[in-house]
Amino acid sequence: MITRRELAVLLVLALAGTAVFGFFVTSSPTASVELSESQEGATTTAKTFLESSGYDVDTYRKSTIFSSESKSATFIQRKLSGTAERQALADANIYAWETRFYQPLEQETFRVAVDSATGEVVRFTRSVADEAEGGSLSQSAAQDKATSFLEAQEHNLADYERISSSTTERPNRVDHTFVWEHRTQTVADAPYYLEVTIQGDRIGAYDPHISVPDGFTHQYQVQQTQGQVLSFASLGLSLLVVVAAIWFGLKYYKREAFDSRFALAVGGTVTVLSIIGGLNSLPQIRHVVPTTFQPTLFLAISVGGAALGGLVLGGLATVTAGAGKELSREVLGMESIPGLVTLRADAARRAAVARQLTAGVLLAGAIVGIYAVVYLVGSRFFGFWLPSQPPQVGSVAMYVPALTALIVGGTAALWEEATYRLFAVPLTKRYLSYTVLAIVLPAFVWGLGHSNYAVLPFWARAVEVTVIGVVLGVAFLRYGILTTIAAHFTLNAFVTAVPMLLAGTGWLVTQGVLALLIALLPLFVAGGLSIYSGSESGSAL
């Protein structure tokens, strides 16, 4: 049983780790992303812009998500840091609300980006068929129209030089595209351009942007490709682990040693969370409905895909959890994980589980500190680079952004801990004998699987996750699988919550608070078990 002394040590480590993580996060440009413009306000601004440009979108469907110009953002963050980086991100209009207007099965689509800080329209595109009708302005007349538009957007064209123009004759109209380059302004030494397209006799596109050098783009893509190779290697090794789990699972099932109730609880939870995630992301899916699909059909297919994916992942988690539980008992001598019936009847087991869950939450606090140290040291001595991606990109379009903490935290914690700790650790120990290898090798395979993230160099994320995996492996052998599941869950949920808390807008801060409470769910369960145990036996945590 976990002692009070161990919990006290973990508490100190958790406080220290959280403090280090806090320093790391608040020094990131993510904390400075300004969201003065609301999602609803941006939608209204986008509609007003289209109407002023001669487009009637009253009958169009619309959706708004938070977006970023990731290519330009990556370039700026790699070239600059600190105050200069923050200013350059603002100058390049990187972060914006993007509203899409469309009609089912119609090709014409409008996208309007509104700066999240200033509330100004910073990008616009109209996708329309080549055969769509329009005017046939001369190039000079089209340039006059483009110039008038840019002046209305408060660009001083005296500061720009027109560097290119092109004309494309369509079946029923003539399109013109003009590009101006700022004479003096650059962003991270990249030239700043204004690009306007006239479709027939109306504005068809507006794109102020920086020109990211091709050499930078190529080098970055090379790094990403190398990371994907490592990720594929992890996938292959993980499949071998799953095959081994299936073999052991069948063996234990025949011997009636496979705990179906426990395995199905793990796998079923993974499946349910995956389906909830698909439903929660419907607003985000709605933003990318192809114009060749009926929206209802596309949404149904997307939800069905999420359900199918959840069933597959849940099935794999069922196998690795059931096989891993018995293999851990055989090889490591681990005691059985108590079920609900046992917990109701046994106060001592309730107290033990409460301590395991508490240790997991505290361990997560220590791990976030390790995460921060890895990147602080790595960036100073090994060139590690971690992009500052605003939390709104992935979650703001969902019905309840805070549920991301539950969905990501729960599915990853259950599936990955069942696979890489509960099953892979005793499997490695069984055949290689050495405890160190049993901890490090599964952690390494797990780490390689995270190499496809936008982190440089391509192996940096593998190092970070492997280190965390080693910590979780040690904790698994000392405290049990419930501790590592709680730690993994709290870790993922916590890093989801914190950026929302720093978003600077009331709605997302509220979501961040809710996500933080979700991250502490294992602690709330531990508290309930402890109180229940104390009320029966007079003891507490």
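Quick notes on the rules
Residues numbered from 1 in each chain as written. Predicted model: local features only at pLDDT ≥ 70, side-chain atom pairs only at ≥ 80, totals over all residues. Heavy atoms only, no water. Helix = DSSP H or I, 4+ residues; strand = E, 2+ residues; numbered from the N terminus. Buried < 20%, exposed > 50% of the residue type's maximum accessible area, 1.4 Å probe, protein only. Areas by Shrake-Rupley, 256 points an atom, 1.4 Å probe, with all protein chains shown as cover. Lys, Arg positive; Asp, Glu negative; His and termini not counted. Charge placed at Lys NZ, Arg CZ, Asp CG, Glu CD. Pairing = 2+ DSSP bridges. Expected span 1.5 Å × (residues − 1). Contact = heavy atoms within 4.5 Å. Patch = residues over 30% accessible without salt bridge, like charges linked within 9 Å, V, L, I, M, F, W, Y side chains within 5 Å. Salt bridge = Lys/Arg side-chain N within 4 Å of Asp/Glu carboxyl O. Axes fitted to C-alpha atoms, helices over the stretch in contact; angles between N-to-C directions. Nonpolar A, V, L, I, M, F, W, Y, C, P; charged D, E, K, R; others polar. Core = buried A, V, L, I, M, F, W, Y, C linked by side-chain atoms within 4.5 Å. Phe/Tyr/Trp six-rings, centres within 6.5 Å; stacked < 30°, edge-to-face > 60°. Lys NZ or Arg CZ within 6 Å of the ring centre and 35° of its normal.

Draft legend 1. Structural view of the overall build of the chain. Tallying secondary structure elements over the chain gives 18 helices and eight strands in all. Principal-axis analysis of the C-alpha atoms gives the chain an extent of 85 × 50 × 45 Å. In the chain, which comprises 541 residues, the share counted as buried stands at 51%. Accessible surface, the chain as shown: approximately 24300 Å² in total, 60% of it carbon and sulfur. Of the side chains in the chain, 36 bear a positive and 41 a negative charge, and the two mean positions are spaced by 15 Å.

Draft legend 2. Representation of the pairing of strand β6 (residues 174-187) within the structure. Pairing between strand β5 (residues 160-169) and β6: nine bridges, direction antiparallel. Pairing of Ser 166 across the sheet is with Thr 177, part of β6. Bridge count between β6 and strand β7 (residues 190-199): nine bridges; the pairing is antiparallel. Opposite Val 179, over in β7, you have Glu 195 as the bridge partner. Joining the antiparallel neighbours β6 and β7 is a turn of two residues, in which Ala 188 adopts a positive phi near 55 degrees.

Draft legend 3. Layout of helix α15 (residues 460-479). Given a rise of 1.5 Å per residue, 20 residues ought to cover 28 Å, and the 28 Å separating the end C-alpha atoms of α15 matches this to within 8%. One or two residues past the end of α15 sits Gly 480, with phi positive at roughly 105 degrees.

Draft legend 4. View of the side chain of Asn 93. Turning to its location among the elements, Asn 93 is positioned in the loop between α4 (82-91) and β2 (95-102). Its relative accessible area of 14% is what places Asn 93 among the buried residues. If we ignore the near neighbours within four places in the chain, the residues touching Asn 93 are Asp 115, Val 122, Arg 123 and Tyr 192.

Draft legend 5. View of a nonpolar patch on the surface. On the surface, Val 373, Val 377, Phe 381, Phe 382, Trp 459, Val 463 and Val 467 cluster together into a nonpolar patch covering about 620 Å² of accessible area. Elements that contribute at least two residues to the nonpolar patch include exactly α11 (347-381) and α15. Sorting elements by how many residues they give to the nonpolar patch places α11 first, with three residues. If you trace the backbone, Val 377 turns up in helix α11. The exposure class assigned to Val 377 is partly exposed, which follows from its relative accessible area of 37%.

Draft legend 6. Representation of the packing of α15 against helix α16 (residues 481-501) in the model. Where α15 contacts α16, the two axes come as close as 7 Å, and the packing angle between them is 145 degrees. Residues Ile 468, Leu 472, Ala 475, Phe 476 and Tyr 479 of α15 touch α16, and the partners they reach there are Ile 481, Thr 483, Thr 484, Ala 487, His 488 and Leu 491. Classifying every residue of the contact of α15 with α16 by side-chain character gives eight nonpolar, three polar and no charged.

Draft legend 7. Fine view of the pairing of strand β4 (residues 121-127). With five of seven residues buried, β4 lies mostly within the body of the structure. In the sheet, strand β3 (residues 109-115) pairs with β4 via six bridges, with the strands oriented antiparallel. Across the sheet, Phe 110 pairs through a bridge with Arg 126, a residue of β4. Turn length for the β3-β4 hairpin, with the two strands adjacent in sequence and antiparallel, is five residues, and the turn residue Gly 119 shows positive phi of about 75 degrees.

Draft legend 8. Structural view of the sheet that holds β2. The sheet built from eight strands is open, its strands ordered β1-β2-β3-β4-β8-β7-β6-β5 with antiparallel pairing. With partners counted over all chains shown, the strands left at the sheet margins are β1 (61-68) and β5, one partner each. If you compare each strand with its neighbour and ignore which way they point, the axes differ by 20 degrees on average. Of the strands in this sheet, β5, β6, β7 and β8 (202-210) are in contact with helix α5 (residues 139-152), which crosses β6 at around 45 degrees.

Draft legend 9. Geometry of the nonpolar core. Of all hydrophobic cores here, the largest spans 65 residues; its most connected members are Phe 21, Leu 363 and Leu 472. Per-element tally for this core: the top contributor is α11, with 13 residues. Among all residues touching Leu 472, those that are not within four sequence positions of it are Leu 363, Ile 367, Glu 417, Arg 421, Trp 446, Thr 484, Ala 487 and His 488. Within the second largest apolar cluster, 47 residues are counted, among which are Leu 35, Leu 150, Leu 194 and Ile 210.

Draft legend 10. Summary view of the environment of Ala 454. By secondary structure assignment, the location of Ala 454 is in the loop between α14 (435-448) and α15. Ala 454 sits in the partly exposed class, given a relative accessible area of 30%. Sequence spacing of Ala 454 and Ala 443 is eleven residues, and the spatial spacing of their C-alpha atoms is 20 Å. Once residues within four sequence positions are removed from consideration, Ala 454 is found in contact with Tyr 220, Gln 224, Trp 385 and Pro 387.

Draft legend 11. View of the environment of Val 266. Structurally, Val 266 can be placed in helix α7 (residues 260-280). When its relative accessible area of 8% is taken as the criterion, Val 266 is described as buried. Residue contacts for Val 266: discarding those within four places in its chain leaves Ala 317, Ala 321 and Leu 414.

Draft legend 12. Structural detail: unusual backbone geometry. Cis geometry marks the peptide bond from Leu 456 to Pro 457, where omega comes out at -10 degrees. Looking at where Pro 457 falls in the secondary structure, it is placed in the loop between α14 and α15. The phi dihedral of Glu 154 falls on the positive side, at around 70 degrees, and the residue is not glycine. Its identity as a non-glycine residue notwithstanding, Ser 433 has a phi of 75 degrees, on the positive side. Along the chain, Ser 433 falls in the loop between α13 (403-432) and α14. Classification of Ser 433 as partly exposed rests on a relative accessible area of 47%.

Draft legend 13. Seen up close, the packing of aromatic side chains. Per the stated rule, a full pass over the model turns up 24 aromatic pairs. When the ring of Phe 248 is compared with that of Tyr 252, the centres are 6.0 Å apart and the planes differ by 40 degrees; the resulting orientation is tilted. Residue Phe 248 and its partner Tyr 252 are both found in helix α6 (residues 214-254); the two are separated by four residues, about one turn of the helix. The buried category is assigned to Tyr 252, whose relative accessible area is 0%. The lysine or arginine in question, Arg 100, covers the ring of Tyr 102, its NZ or CZ lying 4.2 Å from the ring centre. The ring of Tyr 453 carries Arg 461 above its face, with NZ or CZ at 4.5 Å from the centroid.

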